[in-house]
Amino acid sequence: TLAVAYSLPETGARFAINAQPDGSGAWTRYTVEAGDFKAISLAVVGDKPAVAYISEDGATVRFAINTANDGSGAWNANTVESVPAAAFNAVSLAEIDGRPAIAYTKGHGFLLRFAINELADGSESWDLVSVGAPHFSGAVCLRSIGGLPSIAALNTLSFDLRFLQNSAADATGEWMEELVDNVDSVGWGCSLAEVAGKPAISYGDGTNGDLKFARKP
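Residue indices begin from 1 for each chain and proceed along its sequence in written order. Restriction of local features to residues with pLDDT of at least 70 applies here, the model being predicted, together with a cutoff of 80 or more for giving and counting side-chain atom pairs; totals for whole chains, interfaces and linings are based on all residues. As a convention, hydrogens and water are excluded, and side-chain values are obtained from all of the structure's heavy atoms.

### What to know about the overall build of the chain
Looking only at helices and strands, one finds zero helices and 18 strands in the chain. Only C-alpha atoms enter the radius of gyration; for comparison, a globular chain is expected to reach 2.2 Å times N to the power 0.38, where N is the number of residues. Here the C-alpha radius of gyration of the chain, 17 Å, is about what a compact globule of 217 residues would show, namely 17 Å. Residues are treated as being in contact if the distance between any of their heavy atoms lies within 4.5 Å. Long-range pairs, those at least 24 residues apart, make up 37% of the contacts in the chain between residues at least 6 apart in sequence. Summed over its atoms, the accessible surface of the chain is roughly 9600 Å², and 51% of this surface lies on carbon and sulfur atoms. As used throughout, the charge tally considers Lys and Arg to be positive and Asp and Glu to be negative, leaving His and the chain termini uncounted. For the purpose of locating charges, the reference atoms are NZ of Lys, CZ of Arg, CG of Asp and CD of Glu. Averaging the locations of the 14 positively and 25 negatively charged side chains of the chain gives two centres separated by 2 Å. In this text, helices come from DSSP runs of H or I with a minimum length of four residues, and strands from runs of E with a minimum of two, each type numbered from the N-terminal end. Computed by Shrake-Rupley with a 1.4 Å probe, the accessible areas treat only the displayed protein chains as cover when residues are assessed.

### What about the sheet that holds strand S11 (residues 126-131)?
One open sheet holds the four strands; their spatial order is S8-S9-S10-S11, and the pairing between them is antiparallel. In the strand order of this sheet, the two ends are held by strand S8 (88-96) and S11, each with one partner. Across this sheet, the average inter-strand angle for adjacent strands is 20 degrees, counted without regard to direction. As paired elements, strand S10 (residues 111-117) and S11 share six bridges and run antiparallel to each other. Bridge assignment links Ile116 to a residue of S11, and that residue is Asp127. Paired strands are those between which DSSP finds at least two bridges. Axis definition: a line fitted to C-alpha atoms, over the contacting stretch in the case of helices. Angles run 0 to 180 degrees between N-to-C directions.

### With respect to the pattern of salt bridges
What counts as a salt bridge is simple: a side-chain nitrogen of Lys or Arg found within 4 Å of a carboxyl oxygen of Asp or Glu. Summed over the entire model, instances satisfying the criterion amount to seven salt bridges. The salt bridge partner of Glu33 is Arg62, with a shortest N-O separation of 3.1 Å. In this pair, Glu33 is assigned in strand S3 (residues 27-33) and Arg62 in strand S6 (residues 60-66), connecting sequence segments 29 residues apart. Arg62 sits in the buried class, given a relative accessible area of 16%. Across the pair Asp97 and Arg99 runs a salt bridge, and its minimum N-O distance is 3.0 Å. Three labels apply to residues, based on accessible area from a 1.4 Å probe with only protein chains included: buried if under 20% of the type maximum, exposed if over 50%, partly exposed otherwise in between.

### Description of the pairing of strand S13 (residues 148-155)
The element S13 is extensively covered by neighbouring structure, given that seven of its eight residues are classed as buried. Looking at chain direction, strand S12 (residues 136-145) and S13 are connected through seven bridges and run antiparallel. When the bridges of S13 are listed, Phe136 appears paired with Asn155. Two successive antiparallel strands, S12 and S13, enclose a turn made up of two residues, where Gly146 displays a positive phi of approximately 60 degrees. Judged from the six bridges that link them, S13 and strand S14 (residues 160-166) form a sheet pairing that is antiparallel. Residue Asn155 lies in a different strand from S14, and its bridge partner there is Asp160. Here S13 folds back onto S14 in antiparallel fashion, the turn holding four residues, of which Phe159 has a positive phi close to 55 degrees.

See the structure below:
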């Protein structure tokens, strides 16, 4: 099934699903939450569509999950973290250890944050930690690689690409940080996936206007 999440000033956080797998059918649109939001990320968590998104003022990270597999049910939303003047920026949602997990950046302090809920439906409290050194405020992508929580992120102090991975499937282990690429200004719009069992990242080179690809040997 093809689905997208997006935000509009007039209608807030939105979810749309197409009637056809190839996107050629009619789109059905739903409002996740009214309000002004910016960055938004869509994932399937426990076979249900779920979104993470940030308030327009950058002070609040929100999470919502639908009660139906096709997004036609009720959207249950809650706050992940709220800090005045935090300047929360990029956000990425994924299912980690069968639960919703979110990576996002906090411009105030250049922090990379990781949050995971105690329950599969995201209705309980969020466990929050800062990951890696304080040099993140841009693009971020969270995925499960080899069964381990993994993040690709743009280091916005030296404009290089970093890869971070937790040693435990439930994210209770140690976070290790690696430098992926530091040639020119790189890491923009990074996207992380598992390819042949290894982490692989596509990302932009802001200096040369190139699209780059890196895969761990």
